[in-house]
Amino acid sequence: MGAVTSTAPSPGSPASSLLDLAPVIPVVIVQDVDQAVPLARALVAGGLPVIEVTFRTPAAADAIRAIAEEVPDAVVGAGTVLSPEQVETAVAAGSRFLVTPGWTDRLMGALDASGLPYLPGVSTTSEVVALLERGVEEMKFFPAEAAGGTPYLKALASPLPQARFCPTGGVNAATAPQYLALPNVGCVGGTWMLPADALDAGDWGRVESLAREAAALRG
């Protein structure tokens with residue numbers, strides 16, 4: 001069996017992996033579904049087409065559905081996926097990828113069955129090795145800063161060179177370039193381009209500007 005990677009098409013052309021579409025995946029917590037579409041349009045306009053909407057609020061599934069239907073250039077997916085039931089909900093809403101903070105055999109079975117690319121969460125070497133044993137080579141490293149940050153990932157690169165990561169959790173504009181410089185990091189996940197005051201005010205121009213800065217982190 002070949003290795004499983006998070007293959008996902010880009011908005012305009014094919015790409016080998018979800019990790020290669022943009023240097024940063026915005027991690028979006030949607031409280032009001034009416035914000036979903038303008039927020040997604042701002043992120044896409046700023047050069048961040050891959051958008052992870054987390055299942056942390058009741059509005060998440062509707063937000064994914066709205067973005068999938070109204071922002072065709074966005075590659076929208078579901079994050080904080082914790083159960084097979086949430087996998088089904090995410091697929092039905094139009095998610096194009098799935099992200100989990102951790103994994104179990106039951107959850108992995110549902111991820112595999114979904115037919116979507118996915119990034120299962122890991123924070124230990126044993127979890128990485130277990131996923132590699134299953135043929136999964138692309139993972140979310142979470143919570144990145146609390147779990148060891150760039151020194152930890154740098155230490156994994158030599159013994160486990162086939163593993164690639166999207167570090168998420170505590171990553172910000174200052175630390176993102178340090179992660180992106182590592183050979184085993186494809187992209188990072190973060191929220192710094194989505195400041196709460198900008199979202200509350202509907203300041204989509206500011207979100208677009210911050211997204212553009214994030215998209216330029218790896219030229």
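Structure: above.
Here is a short report on the structure shown in this document. Note that this is a predicted model, so its numbers are computed, not measured. (Residues numbered from 1 in each chain as written. Predicted model: local features only at pLDDT ≥ 70, side-chain atom pairs only at ≥ 80, totals over all residues. Heavy atoms only, no water.)

## Some words on the packing of aromatic side chains
Short version of the rule: Any two rings among Phe, Tyr and Trp, with Trp reduced to its six-membered ring, count as a pair given centres within 6.5 Å; such a pair is stacked if its planes are under 30 degrees apart, edge-to-face if over 60, and tilted if neither. Think of it this way: any DSSP run of H or I at least four residues long counts as a helix, any run of E at least two long counts as a strand, and we number them from the N terminus. Note on exposure labels: buried denotes an accessible area under 20% of the residue type's maximum, exposed denotes more than 50%, and partly exposed covers the range between, all computed with a 1.4 Å probe on protein chains only. Charge-over-ring contacts are defined here by two conditions on Lys NZ or Arg CZ: a distance within 6 Å of the ring centre and an angle within 35 degrees of the ring normal.
All chains considered together, the criterion is met by 2 aromatic pairs. Ring centres of phenylalanine 141 and tyrosine 152 lie 5.6 Å apart, and the angle between their planes is 15 degrees; on these two criteria the pair is classed as stacked. Of this pair, phenylalanine 141 sits in strand β7 (residues 138-141) while tyrosine 152 sits in helix α6 (residues 149-157), placing them 11 residues apart in sequence. Relative accessible area serves as the criterion here: at 23%, tyrosine 152 is assigned to the partly exposed category. Relative to phenylalanine 165, the ring of phenylalanine 141 lies with its centre 6.3 Å away and its plane at 70 degrees, an arrangement referred to as edge-to-face. Taken together, the residues span a long stretch of sequence, with phenylalanine 141 in strand β7 and phenylalanine 165 in strand β8 (residues 164-167) at a distance of 24 residues. Grouping residues by exposure puts phenylalanine 141 and phenylalanine 165 together as buried. Taken together, the aromatic side chains of Phe141, Tyr152 and Phe165 make up a single cluster linked through ring pairs. Above the face of the phenylalanine 142 ring, lysine 140 is positioned so that its terminal group lies 4.6 Å from the ring centre.

## Let's talk about the side chain of glutamate 52
Which entries qualify depends on this criterion: Charge convention: Lys and Arg are scored as positive, Asp and Glu as negative, and His as well as the terminal groups of each chain are ignored. We define a salt bridge as a side-chain nitrogen of Lys or Arg found within 4 Å of a carboxyl oxygen belonging to Asp or Glu.
Here glutamate 52 is to be found in strand β2 (residues 50-54). Of the side chains with opposite charge, lysine 140 comes closest to the buried, unpaired glutamate 52, at an N-O distance of 4.1 Å.

## Re the layout of surface pockets
What counts, and what does not: Two kinds of site are reported from a 1 Å grid over the protein atoms alone, namely cavities, where a 1.4 Å probe fits but cannot get out, and pockets, open sets with protein on both sides within 12 Å along at least five of seven lines, and residues are called lining when an atom falls within 4 Å of a point. Grid points are joined across faces, edges and corners, and a volume is the space filled by probe spheres set on the points. Ten residues, namely Ala, Val, Leu, Ile, Met, Phe, Trp, Tyr, Cys and Pro, are considered nonpolar, four, namely Asp, Glu, Lys and Arg, are considered charged, and the remaining ones, Gly among them, are considered polar.
As a volume, the largest pocket reaches approximately 180 Å³. Lining the largest pocket, in full, are Val27, Val28, Ile29, Gln31, Gln35, Thr191, Leu194, Ala196, Leu199 and Asp200. Only β1 (24-28) and α8 (196-201) provide two or more residues apiece to the lining of the largest pocket. In terms of residues, the lining of the largest pocket owes the most to one element, α8, which gives 3 residues. Looking at side-chain class alone, the lining of the largest pocket contains 6 nonpolar, 3 polar and 1 charged residues.

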